[in-house]
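Inside the fold
As a plain string of letters, each chain reads:
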Amino acid sequence: MEKEWGIVEVLRHSRHDWLNKLQLIKGNIDLNRIDRAKEVIDEIVIEAQHETKLSNLNMPLFASLLFTSNWENPFFRLEYEVLEDAEPLKMNDSVLTNWTSSFFSCLNKAIEAFQENHLSITIEPQSEGIRFFFDFSGIIIKSELIEKFLGESKSLDVEVKEFSESELALEVFMPKH
């Protein structure tokens, strides 16, 4: 069951994330590692640009899921990238969000906890819809859970590009409606 995030909780988590980033910058400055401090700032700028692009896709449920994912999914780290600015498309936000939320839940059950598990989502808006690339790297210990989930995924066009004990690559296409 997906958690409902209240505004105070979101602000508390967001503030905590920002304080961590500021401490990282300050720590590097204190160690006179100015180049690393600048790199951290550049990373923050790029992350904020992707947040803006994601917000502009007119998929508020999906955006909220991605924004809060690293607070809710302790066993993998999520990064996402929106490849280009796009005009908002009419998409079925709830279908995509429900599928992605279920995928996250399945992934949390299928991977080895407390390892270097990483999920990257690349979002590519196109004139006929949006293409999503889900790339996982880490340790998959229950591949049968993922196989079952993918076998039951009827709501979206999902294509498995790679599936092994350490990688999972999926391409999901969602046409505009």
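Residues numbered from 1 in each chain as written. Predicted model: local features only at pLDDT ≥ 70, side-chain atom pairs only at ≥ 80, totals over all residues. Heavy atoms only, no water.

Glancing now at the pairing of strand β4 (residues 157-163). Relative to strand β5 (residues 167-175), β4 is paired through six bridges, and the arrangement is antiparallel. Pairing of valine 160 across the sheet is with leucine 170, part of β5. Linkage of β4 to β5, two consecutive antiparallel strands, is achieved through a turn of three residues. (Pairing = 2+ DSSP bridges. Helix = DSSP H or I, 4+ residues; strand = E, 2+ residues; numbered from the N terminus.)

Turning our eyes to something else, we now look at the pairing of strand β3 (residues 129-137). When strand β2 (residues 118-126) meets β3, the two strands line up antiparallel, connected through nine bridges. Note on β3: the bridge partner recorded for leucine 119 is phenylalanine 136. Both β3 and β5 contribute to a ladder of nine bridges, which runs antiparallel. Bridging across to β5, phenylalanine 132 finds its partner in valine 172.

Geometry only, nothing functional implied.
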